[in-house]
Amino acid sequence: MGDGPLADAYDAGVRAAAPPVDAATGAALRFLSAAIGARSVVEVGTGCGTSGIWLLRGMVPEGILTTVDVNAAYQDYARSAFARAGFGAGRARLIRGTALEVLPRLTDGGYDMVSVDADQVSYPAYLEEALRLLRPGGVVVFNNVMVGSDEPDGPLRVPGPAEIAVREVMQRMREDESFIPLLVPVGEGLLAAIRP
C-alpha cells in the first residue's frame, strides 16, 4: 500500500476488524474494472474503502461506484478515504443496509461489474442478484473464495456453511457453459466470471 489514502484505509480496516484487500487483490480489481471500461460498479462490502479505491482507480473518470455495507462507521471512513484519494462526492454512492435488501432495489442490467467481499454464506444469493444487475458481458467478482481445507470431507471434517456456499458458486460457474470464469490466486482467492 504505497500511497497515503490506501495505506490509511488499510490501517483503518485492520483496526476496525474490517479486513482490507491486500495490494495484489486490489491490483486485480483495478485491472478488471479498467479492462471492461467500467462506468458503473456495485460493491458488496464497503469496509473502510480500500477495495473501493482500487475499483475507482480502474473505472473510467466519470464512473460511479455504488457500495453497500451494514456498518455506518465503515462507510463514513470510506467516504473520507475516497475524498483523500481524489474522488469527488459524485463518484461514490454509499448505501447503508444489508446487501440482500439493497441489491433488489438497484436497476436491472445497469452495471458493468459487481464486486463481492462480504458474508460468504450469502454468495449464492449475491450471484443471483449480480446476474440480474449486470449488463450482458459484465463481470462478477467474489473475494475470499479459497476458504476450503486441504483435508478431504468426511466424518472427521465437515465443511462449514461458508465453504459450502463458495463451492456452490464455483460449481455453478464451472458447469454453466455460458459463464467464462477465472480463479485468480491472489490474497484469499478471487473468482471472476463474465456474465452470460
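Throughout what follows, the structure given in this document is the object of discussion. (Residues numbered from 1 in each chain as written. Predicted model: local features only at pLDDT ≥ 70, side-chain atom pairs only at ≥ 80, totals over all residues. Heavy atoms only, no water.)

Quick look at the overall build of the chain
Each helix and strand in the chain was counted, giving seven helices and seven strands. Rg of the C-alpha trace for the chain: 16 Å, near the compact-globule value of 16 Å for 196 residues, within the 12% margin. The principal-axis extent of the C-alpha atoms belonging to the chain is close to 50 × 35 × 30 Å. Counting the 196 residues in the chain, one finds 48% classified as buried. (Helix = DSSP H or I, 4+ residues; strand = E, 2+ residues; numbered from the N terminus. Rg over C-alpha atoms; globule rule 2.2 N^0.38 Å. Buried < 20%, exposed > 50% of the residue type's maximum accessible area, 1.4 Å probe, protein only.)

Side note on the pattern of salt bridges
Under the defined criterion, the tally for this structure stands at eight salt bridges. Here the residues in one salt-bridge network are Asp108, Glu129 and Arg132, joined through shared partners. (Salt bridge = Lys/Arg side-chain N within 4 Å of Asp/Glu carboxyl O.)

Considering the packing of aromatic side chains
Both the distance between ring centres and the angle between the ring planes are used here to describe each pair of aromatic rings. By the definition in use, this model includes two aromatic pairs. Note on Tyr123 and Tyr126: the rings are 6.4 Å apart at their centroids and 50° apart in plane angle, and the pair reads as tilted. Residue Tyr123 and its partner Tyr126 are both found in helix 6 (residues 123–133); the two are separated by three residues, about one turn of the helix. Residue Tyr123 shares its accessibility class with Tyr126, and that shared class is buried. Seen in terms of ring centroids, Tyr123 and Phe142 are 4.9 Å apart; in terms of plane orientation they differ by 45°. Their pairing is tilted. Separated by 19 residues along the polypeptide, Tyr123 in helix 6 and Phe142 in strand 5 (residues 134–143) bring together distant segments of the chain. The exposure class assigned to Tyr123 is buried, which follows from its relative accessible area of 1%. Feature note: the residues Tyr123, Tyr126 and Phe142 constitute an aromatic cluster, connected by ring pairs. (Phe/Tyr/Trp six-rings, centres within 6.5 Å; stacked < 30°, edge-to-face > 60°.)

Section: unusual backbone geometry
The phi torsion at Asn144 lies on the positive side, around 60°, for a residue other than glycine. Along the polypeptide, Asn144 turns up in the loop between strand 5 and helix 7 (161–175). Exposure remark for Asn144: the relative accessible area of 22% places this residue in the partly exposed category.

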